[in-house]
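Listed below, chain by chain, are the residues.
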Amino acid sequence: MGHTIRDKQKLLNRVRRIRGQIDAIERALSEESECITVLQQITSCRGAMNGLLAVVLEDHIRTHLVDADPHSHDGAQGDAKERLIEVVHSYFK
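Remember, predicted model here, so these are calculated numbers, not experimental data.

A.B. asks: Quick one: what's the story with the overall build of the chain, residue by residue and with numbers?
C.D. replies: Looking only at helices and strands, the chain features three helices and zero strands. Reading the secondary structure of the chain in the N-to-C direction produces α-α-α. Long-range contacts, defined here as pairs at least 24 residues apart, represent 60% of the contacts in the chain between residues at least 6 apart. Working note: accessible area of the chain is about 7100 Å², and carbon and sulfur atoms make up 56% of it.

So this is what it looks like as structure tokens:
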């Protein structure tokens, strides 16, 4: 998965933030925090994971699934790619 290398530091930063969120969930459970607090932390972590997945998946689609020909003057392929990305983004909302 070589295309993740160019955004490697950004992706690693996201993973580190997610790890921090998971640690916060563990602390909240250990400290027997209120259910609503734990649920909010879990939801935040799930959102961060979905965000990471969306970024990697979008790059994968752009890099590997849509064979964009830079010499093509046909905008249909670009439109199809953008529609696919919109669908993927809407799935993670």
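On we go from here.
A.B. asks: So, the nonpolar core: which residues are in play, and what are the values?
C.D. replies: Counting five residues, the largest nonpolar core is built from Leu11, Ile18, Ile25, Cys45 and Leu52. Sorting elements by how many residues they give to this core places helix H1 (residues 8–30) first, with three residues. Those residues in contact with Cys45 that lie beyond four places of it in its chain are Ile18, Gln21, Ile22 and Ile25.

A.B. asks: An account of unusual backbone geometry is requested, with residue identities and associated values reported.
C.D. replies: A positive phi is found at Glu32, a non-glycine position, where the angle reads about 55 degrees. When you line up the elements, Glu32 lands in the loop between H1 and helix H2 (35–65). Using a relative accessible area of 71% as the deciding quantity, one classes Glu32 as exposed.

A.B. asks: Outline H1, supporting the account with residue identities and numerical values.
C.D. replies: Across its 23 residues, H1 extends 33 Å between first and last C-alpha, which sits within 8% of the 33 Å expected from 1.5 Å per residue. Two residues or fewer past H1, Glu32 is found with a positive phi of approximately 55 degrees.

A.B. asks: Could you give an account of a nonpolar patch on the surface, with specific residues and numbers?
C.D. replies: Judged by side-chain polarity, Ile36, Leu39 and Ile42 come together as a nonpolar surface patch covering roughly 280 Å² of accessible area. Its place among the elements puts Leu39 in helix H2.

A.B. asks: Quick rundown of the environment of Gln41? Include the residues and the values.
C.D. replies: Along the chain, the position of Gln41 falls in helix H2. Each C-alpha atom of the pair Gln41 and Ile25 lies 6.0 Å from the other, and the pair is 16 residues apart in sequence. The contacts of Gln41, once residues within four sequence positions are left out, are Ala24, Ile25 and Ala28.

A.B. asks: Please provide a residue-by-residue account of the environment of Arg46, values included.
C.D. replies: Among the secondary structure elements, Arg46 is positioned in helix H2. Judged by relative accessible area, Arg46 falls into the exposed class, the value being 54%. Once the C-alpha coordinates of Arg46 and Ile18 are considered, the two residues, 28 residues apart in sequence, prove to be 8.9 Å apart.

About the cut-offs
- The numbering scheme is per chain: residues are counted from 1 as the chain's sequence reads.
- Where totals are concerned, whole chains, interfaces and linings use all residues; where local detail is concerned, this predicted model gives features only for residues with pLDDT of at least 70, and gives and counts side-chain atom pairs only at 80 or more.
- To get the side-chain values, take all heavy atoms of the structure and skip hydrogens and water.
- Going along the chain from the N terminus, every DSSP run of H or I of four or more residues is numbered as a helix, and every run of E of two or more is numbered as a strand.
- Only heavy atoms enter the contact rule, under which two residues are in contact if any of them lie within 4.5 Å.
- Surface accessibility follows the Shrake-Rupley procedure with a 1.4 Å probe radius. Residue values consider only the protein chains on display as shielding.
- Nine residue types can take part in a nonpolar core, namely buried Ala, Val, Leu, Ile, Met, Phe, Trp, Tyr and Cys, and a core is a set of them joined through side-chain atoms within 4.5 Å.
- Type-normalised accessible area, obtained with a 1.4 Å probe on protein chains alone, sets the label of each residue: buried when under 20%, exposed when over 50%, and partly exposed for intermediate values.
- One less than the residue count of a helix, multiplied by 1.5 Å, gives the span that helix is expected to have.
- Residues form patches when they are more than 30% accessible in relative terms and have no salt bridge. Like charges link within 9 Å. Nonpolar side chains (Val, Leu, Ile, Met, Phe, Trp, Tyr) link within 5 Å.
- The term salt bridge refers to a side-chain nitrogen of Lys or Arg lying within 4 Å of a carboxyl oxygen of Asp or Glu.

Honestly, it's all geometry; don't read function into it.
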